[in-house]
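Next come the chains, spelled out residue by residue.
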Amino acid sequence: MNSFDARKTYLVTGAAGFIGYFLAKRILDAGAKVIGFDNLNDYYEVSLKEHRLSLLEKYELFTFVKGDIADADAVGALYARYAPDITVNLAAQAGVRYSIENPKAYIDSNIIGFFNILEACRRHGTNHLVYASSSSVYGANKKMPFSTADMVDNPVSLYAATKKSNELMAHCYSKLYNFPVTGLRFFTVYGPMGRPDMAYFSFTRKILRGETIQIFNNGNMKRDFTYIDDIVEGVMRIISNPPAENMDNVRYKVYNIGNNKPEDLMDYVQALEDALSTAYGTKLEAKKEFLPMQMGDVVATYADVSDLVADVGFNPSTTIQDGLAKFAHWYADYYKEG
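Remember, it's a predicted structure, so these values are computed and weren't measured experimentally.

## Topic: the packing of aromatic side chains
This model, assessed by the stated rule, comprises 30 aromatic pairs. With centroids separated by 4.8 Å and ring planes inclined at 70°, the aromatic side chains of Tyr21 and Phe22 adopt a geometry described as edge-to-face. Both residues of the pair, Tyr21 and Phe22, count as buried. Ring geometry for Phe201 and Tyr335: centres 6.1 Å apart, planes at 90°, overall edge-to-face. Taken together, the residues Phe201 in helix H7 (residues 199-209) and Tyr335 in helix H11 (residues 320-335) connect sequence positions 134 residues apart. Both residues of the pair, Phe201 and Tyr335, count as buried. Members of the aromatic cluster, connected to one another through ring pairs, are Tyr190, Tyr200, Phe201, Phe225, Tyr227, Tyr268, Phe327, Trp330, Tyr331, Tyr334 and Tyr335. We note Lys49 situated over the ring of Tyr44; from NZ or CZ to the ring centre the distance is 4.6 Å. The side chain of Arg122 reaches across the aromatic face of Tyr177, ending 5.0 Å from its centre.

Written out as structure tokens, the structure is:
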């Protein structure tokens, strides 16, 4: 297994985003140069993105370029100027439910934008392209845990369909132009400075304000909640270990990065209540409204990470109690709410 190479230049798209920020910080802490690219859109509060970015800009080796991956000229100019050795494409329009409300945003960012990244890697060359896929590609698969060997041809949201499309496009480019590509299927990422549209974040706001939280499928859901540090550790190991040719002579691979331990949604809510109670020094409990399943959602996710363990020796393991405690303390400090 290769170790991280700090001599290379790393392009992180979506650098002002949740995973993008923590990954860029980790690369910078390792002494490497990072080019951050982000359009700072207003899908969620821009001030949080700007806060993350301000922390990255304290590093001398960090350069930020504002732009959109859906803009082919901007992407081409980015590669021409900075010649990144390794690209980690985390820029995407996220969110399952929002893909039902605003489908065009997903085509622009996740399809056209990803095509522009692939074209830039083809034209300018790359040592390794790593990109974010999603556990949502598994759709309503019943077999558990989800394995990268499973069929993923039945997405239940447009978001999932765009991520499956990314995997097909990436495989095609790797095959045609012989550069190494790795896709990462992330499973329900959470932690400090996370996305406000995620359930645990919106639950926190409502719990603190005494508002009612909505529990879908009457609480009968399981998620493989994965703490941000585990996601970043997995990505760091994979960055330095591009795939060898597979049986089809393609330098391409997909990994799951998940906690390999699905949690009942109601247990997660309980852990969040406990974490917030500790952070705020008072007993906090959510008012709950139980609702039917939402369109585009799935009942359970569960990651098989055996390939991740075998290839790069990493098995995510942060408990929801530890992860949510860190989130709750960050939230209390950042928002000064409660």
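From this point, things continue past the structure.
## Some details on the pairing of strand E1 (residues 9-13)
The buried count for E1 comes to five of five residues, which makes it a mostly enclosed element. Every second residue of E1 is oriented toward a common face, with Thr9, Leu11 and Thr13 on one face and Tyr10 and Val12 on the other, all of them buried. Sheet analysis places E1 next to strand E2 (residues 33-38), joined by five bridges and oriented parallel. Along E2, the bridge assignment pairs Leu11 with Ile35. Read from E1 through helix H1 (residues 18-29) to E2, the crossover connection turns out right-handed. Two elements, E1 and strand E4 (residues 86-89), share four bridges in a ladder whose sense is parallel. Note on E4: the bridge partner recorded for Leu11 is Thr87.

## Quick notes on H7
Every buried residue of H7 is listed here: Tyr200, Phe201, Phe203, Thr204, Arg205, Ile207 and Leu208. Packing partners of the buried residues in H7 comprise H1, strand E7 (189-190), strand E8 (212-215), helix H9 (265-280) and H11. Two residues or fewer after H7 comes Gly210, characterised by a positive phi angle close to 70°.

The rules behind the values
- Residues numbered from 1 in each chain as written.
- Predicted model: local features only at pLDDT ≥ 70, side-chain atom pairs only at ≥ 80, totals over all residues.
- Heavy atoms only, no water.
- Phe/Tyr/Trp six-rings, centres within 6.5 Å; stacked < 30°, edge-to-face > 60°.
- Buried < 20%, exposed > 50% of the residue type's maximum accessible area, 1.4 Å probe, protein only.
- Helix = DSSP H or I, 4+ residues; strand = E, 2+ residues; numbered from the N terminus.
- Lys NZ or Arg CZ within 6 Å of the ring centre and 35° of its normal.
- Pairing = 2+ DSSP bridges.
- Right-handed = clockwise from strand over helix to strand, strands pointing away.
- Contact = heavy atoms within 4.5 Å.

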